[in-house]
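Listed here are the chains, written in short residue letters.
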Amino acid sequence: MHRSKKVILIVICVSLGFLLSKIIPNYNQVKYASIVTGHPEATKIGEYILNKGGNAVDASIATQLALAVCFPRAGNIGGGGFMIYRTKDGDSYSLDFREKAPKKSTKNMYLDSIGNVIDSLSTHGTLSIGIPGTISGIFDAHEKFGTMSIKELFDPAIELAENGFLINERQANLLNSYKKDFIKFNPNNKYFIKNSNWKKDDTLIQTDLANTLKIIRDEKRESFYNGIITKKIIKSLGDNAILTEFDFQNYHSIWRDPIKTKINNYNIISMPPPSSGGIALSQLLLMFFDLDLNLKHNEVKYIHLLTEIEKLVYADRSKYLGDNDFFYVPTNSLIDKKYLTNRVKKINFSKPTPSANINPGELNYTESEETTHFSIVDSYGNSASVTTTLNTNFGSKVFVDGLGFLLNNEMDDFSIKPGTPNTYGLVGSEANSIEPEKRMLSSMTPTIIEKNNELFMVLGSPGGSTIITSVFQTILNVILFNMDIQNAVNAPRFHHQWIPNLIYMEKNSFSTKTIDSLKLLGHKIKERETMGHVNAIHISDKMYVGADNRGSNSASILFNK
Ligand code: DON
């Protein structure tokens with residue numbers, strides 16, 4: 001290269017370095033930063049915060065608010081979720097901002113006078129709504145770990161709601177298909193309703209939502225739980241609802257100890273109850289590695305063994321898991337290696353055990369599509385794994401009049417009648433029965449993994465009951481089959497949840513030969529369009545991102561040294 005050109009190049013590089021070090025306070029030590037979310041607009045906003053020097057909690061807050069605007073089927077301020085946070089020094093935390101049952105809820109509130117489940121009562125309309133936790137979670141996370149101002153974190157989502165964004169085809173179709181529900185459950189507002197059909201690249205502007213976010217930005221947590229928004233929610237829900245101002249005043253998100261499990265040189269850090277995710281994922285991994293087998297990815301024997309393990313885990317889930325604040329969950333016994341080794345002995349290597357012959361284990365203990373997941377690693381080395389939801393698409397379908405946001409239908413995650421499956425086919429018992437102020441059991445599994453005590457993976461997924469098995473299989477794809485993270489999240493998945501007694505397999509993803517061989521072993525198979533959307537980050541020599549190709553997920557790597 002000509003000498004003068006070289007000089008120019010060096011000057012450019014040095015100036016660029018100087019500029020970056022001004023924008024990003026710790027640029028010289030930065031190794032990497034990245035974000036993977038369910039929607040490109042949310043990724044952009046999270047990226048903007050990380051670029052400004054925000055940490056993973058700052059970016060999670062801005063991303064979550066952005067998802068409430070650009071991904072309204074699941075992103076929310078009227079729902080709840082969970083966060084796993086790991087600091088650069090290796091300390092880890094979990095934040096529970098799950099919804100709670102209203103004080104006036106009762107065990108049999110979804111049953112008629114002769115004990116039958118009343119159709120749709122727990123999934124649609126005002127009675128399906130749990131007290132939202134998202135705003136409490138945002139302010140709790142900010143208070144403990146946030147570094148940027150609330151204004152800086154709220155403003156990008158406010159702008160997005162005010163100026164609007166272009167919806168994609170998937171969103172247009174979804175809005176059209178839920179039009180009837182929006183009309184039915186919202187006699188006093190017209191949110192998301194257009195005379196004509198929604199089309200790809202239409203702009204969705206949400207002025208009322210922007211104003212609501214401004215109120216929360218300016219008047220903070222109080223506005224939502226003991227202020228103007230509380231009052232408006234209660235008024236908007238009308239006389240049929242059982243939510244009261246008291247419910248909001250008494251809601252608190254909670255920092256809990258994460259579930260930590262050691263598998264060889266990996267530490268799995270995941271969500272404790274009221275999510276079943278952390279315990280179930282630990283059980284799956286511990287049982288699988290107890291078998292110590294040499295298997296090929298998605299070969300018949302692998303699918304057989306994983307589904308047999310999954311049955312045992314979901315059977316335990318049905319009996320033992322619920323909100324530990326209300327019903328004792330024997331966490332240590334459930335992830336005890338001896339207990340799991342004994343459970344694994346029940347597995348027949350050549351034949352499926354019918355679900356009817358599988359029961360939850362006997363424990364010896366003393367009493368003492370729609371959700372969304374995003375993963376973030378900031379430039380300081382902190383990481384956040386966040387799954388948040390309204391439960392099913394657009395939650396209860398009920399908007400708050402004048403405030404422009406949707407409320408969840410999370411009450412359906414309770415076991416509304418012992419043995420009766422919920423939307424995800426999951427059955428439960430006393431541990432997860434409805435009680436005032438109790439949190440409903442979840443499957444959300446935000447997870448962070450360390451390898452040799454260093455940050456290794458950040459991942460999670462939506463997908464109801466299939467969240468746990470999607471996260472499980474993605475972890476195996478990386479640590480067992482050495483797949484790169486993009487292939488690991490894209491790889492075909494399968495799922496068994498004990499009841500019903502079938503393997504769900506992703507459509508057009510497994511060969512007829514594999515399916516026939518499984519049937520020959522005695523498995524029942526049901527094909528399903530997709531299963532989970534895993535959004536993950538993998539850290540090894542560099543940082544790698546995997547945005548699941550099943551949805552409109554998007555990833556961005558900001559730095560990678
Ligand atoms: O908490 C749970 O387990 C469910 N409410 C999650 C719902 C969900 O993942 C829907 N997404 N596809």
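All of the points below concern the structure found in this document. Keep in mind that what you see is a predicted model, and the values were worked out from it rather than measured. (Residues numbered from 1 in each chain as written. Predicted model: local features only at pLDDT ≥ 70, side-chain atom pairs only at ≥ 80, totals over all residues. Heavy atoms only, no water.)

Before going further, it helps to examine the overall build of the protein. Each helix and strand counted, the protein has 17 helices and 18 strands in total. Along the three orthogonal principal directions, the C-alpha set of the protein runs to about 75 × 60 × 50 Å. The 561 residues of the protein split such that 62% are buried. In the structure as shown, the protein presents an accessible area of about 22000 Å², 51% of it carried by carbon and sulfur atoms. In the protein, 61 positive and 57 negative side-chain charges are present, and the distance between their average locations comes to 4 Å. (Helix = DSSP H or I, 4+ residues; strand = E, 2+ residues; numbered from the N terminus. Buried < 20%, exposed > 50% of the residue type's maximum accessible area, 1.4 Å probe, protein only. Areas by Shrake-Rupley, 256 points an atom, 1.4 Å probe, with all protein chains shown as cover. Lys, Arg positive; Asp, Glu negative; His and termini not counted. Charge placed at Lys NZ, Arg CZ, Asp CG, Glu CD.)

For the rest of this paragraph, the subject is the packing of helix H8 (residues 207–225) against helix H9 (residues 228–237). Axis separation between H8 and H9 bottoms out at 7 Å; the angle between their running directions is 90 degrees. Judged by the angle between their axes, H8 and H9 are roughly perpendicular. Seen from H8, the contacting residues are Thr212, Ile215, Ile216, Glu219, Glu222, Ser223, Phe224 and Tyr225; seen from H9, they are Ile228, Ile229, Thr230 and Ile233. (Axes fitted to C-alpha atoms, helices over the stretch in contact; angles between N-to-C directions. Parallel < 35°, antiparallel > 145°, perpendicular 65-115°, else oblique. Contact = heavy atoms within 4.5 Å.)

Of all seven residues making up strand E10 (residues 383–389), seven are buried, and the element is well covered by its neighbours. The side-chain alternation of E10 yields two buried faces, one formed by Ser383, Ser385, Thr387 and Thr389 and the other by Ala384, Val386 and Thr388. As defined by bridge partners, strand E2 (residues 80–86) adjoins E10 across seven bridges and the pair is classed as antiparallel. For Tyr85, the partnering residue across the bridge sits in E10 and is Ala384. Pairing between strand E9 (residues 371–377) and E10: seven bridges, direction antiparallel. Within E10, the position partnered with Val377 by the bridge is Ser383. Connecting E9 to the next strand, E10, in antiparallel fashion are five residues, including Gly381 with a positive phi near 105 degrees. (Pairing = 2+ DSSP bridges.)

Attention now moves to the packing of helix H4 (residues 134–145) against helix H5 (residues 150–163). Taken N-terminus to C-terminus, the directions of H4 and H5 make an angle of 140 degrees; their axes are 11 Å apart at the nearest point. With respect to H5, the axis of H4 lies oblique. The residues of H5 that touch H4, namely those facing Ile138, Phe139 and His142, are Ile150, Leu153 and Phe154. Per-class residue counts for the contact of H4 with H5 are five nonpolar, one polar and no charged. (Nonpolar A, V, L, I, M, F, W, Y, C, P; charged D, E, K, R; others polar.)

Turning our attention to the packing of aromatic side chains. One pass over the structure, following the stated rule, counts 25 aromatic pairs. Ring plane angle 65 degrees and centroid distance 4.9 Å describe the contact between Tyr93 and Phe145, whose orientation is recorded as edge-to-face. Of this pair, Tyr93 sits in strand E3 (residues 92–97) while Phe145 is found in helix H4, placing the two residues 52 residues apart along the sequence. According to the relative accessible area criterion, Phe145 is buried, its value standing at 14%. Centroid distance Tyr191 to Phe399: 5.0 Å. Interplanar angle 45 degrees. Geometry classified as tilted. (Phe/Tyr/Trp six-rings, centres within 6.5 Å; stacked < 30°, edge-to-face > 60°.)

The subject of this paragraph is the sheet that holds strand E11 (residues 447–451). As a general point, the strands of a sheet are linked pairwise by backbone hydrogen bonds and lie either parallel or antiparallel. The sheet built from six strands is open, its strands ordered E7-E8-E11-E12-E16-E17 with antiparallel pairing. A strand with exactly one partner marks an edge of an open sheet, and here the two such strands are strand E7 (259–263) and strand E17 (543–547). Each adjacent strand pair in this sheet contributes to an overall mean axis angle of 20 degrees, direction not counted. The pairing of E11 with strand E12 (residues 454–459) spans five bridges and is classified as antiparallel. Within the sheet, the bridge partner assigned to Glu450 lies in E12 and is Leu455.

Our next topic: the pairing of strand E8 (residues 266–270). Where a strand is regular, its side chains alternate between the two sheet faces. Among the five residues of E8, five are classified as buried, and the element is accordingly described as predominantly covered. Both faces of E8 are covered, namely the face carrying Tyr266, Ile268 and Ser270 and the face carrying Asn267 and Ile269. Pairing geometry for E7 and E8, over five bridges, is antiparallel. In the sheet register, Ile259 faces E8, and the bridge partner there is Ser270. Counted along the chain from E7 to the antiparallel partner E8, the turn is two residues long, and its residue Asn264 has a positive phi close to 50 degrees. Direction of pairing for E8 relative to E11: antiparallel, over a ladder of five bridges. Its bridge partner lying in E11, Ile268 is registered against Ile449.

Looking now at the sheet that holds strand E14 (residues 503–506). Within the open sheet, the three strands sit side by side as E13-E14-E15. Their pairing is mixed. Each edge of the open sheet carries a strand with a single partner, namely strand E13 (494–495) and strand E15 (525–528). Pairing between E14 and E15: four bridges, direction parallel. Counted as the bridge partner of Tyr504 is Lys526 from E15.

Here we come to the side chain of Asn553. Inspection of the secondary structure assignment puts Asn553 in the loop between E17 and strand E18 (554–560). Asn553 sits in the buried class, given a relative accessible area of 14%. Polar contacts involving the side chain of Asn553 include one to the side chain of Asn535, which spans 3.1 Å. Contacts of Asn553, omitting those with residues within four sequence positions, involve Thr37, Gly38, His39, His533, Asn535, Ala547 and Asp548. (Polar contact = N/O pair within 3.5 Å; in protein donor to acceptor, adjacent residues only side chain to side chain.)

For the rest of this paragraph, the subject is helix H12 (residues 300–320). Here H12 spans 30 Å end to end across 21 residues, near enough to the 30 Å set by a 1.5 Å rise per residue. Burial analysis of H12 places 18 of its 21 residues in the buried class, the great majority of the element. (Expected span 1.5 Å × (residues − 1).)

Okay, unusual backbone geometry next. Between Pro273 and the following residue, Pro274, the backbone shows a cis peptide bond with an omega angle of 15 degrees. Ile499 connects to Pro500 through a cis peptide bond whose omega is 0 degrees. By secondary structure assignment, the location of Pro500 is in the loop between E13 and E14. Residues other than glycine seldom take positive phi values, yet Asn452 does so here, at roughly 45 degrees. In this structure, Asn453 takes a positive phi of about 70 degrees despite not being glycine. Mapped onto the secondary structure, Asn453 falls in the loop between E11 and E12.

Following the criterion strictly, the structure yields 27 salt bridges and no others. Between Arg73 and Glu370 there is a salt bridge whose closest N-O contact spans 3.4 Å. Here Glu410 makes a salt bridge to Arg98, at a shortest N to O gap of 3.2 Å. Arg98 carries the same exposure label as Glu410, and that label is buried. A network of salt bridges, in which partner residues are shared, links Asp96, Arg256, Asp325 and Arg439. (Salt bridge = Lys/Arg side-chain N within 4 Å of Asp/Glu carboxyl O.)

Take it as geometry only, folks, not as evidence of what the structure does.
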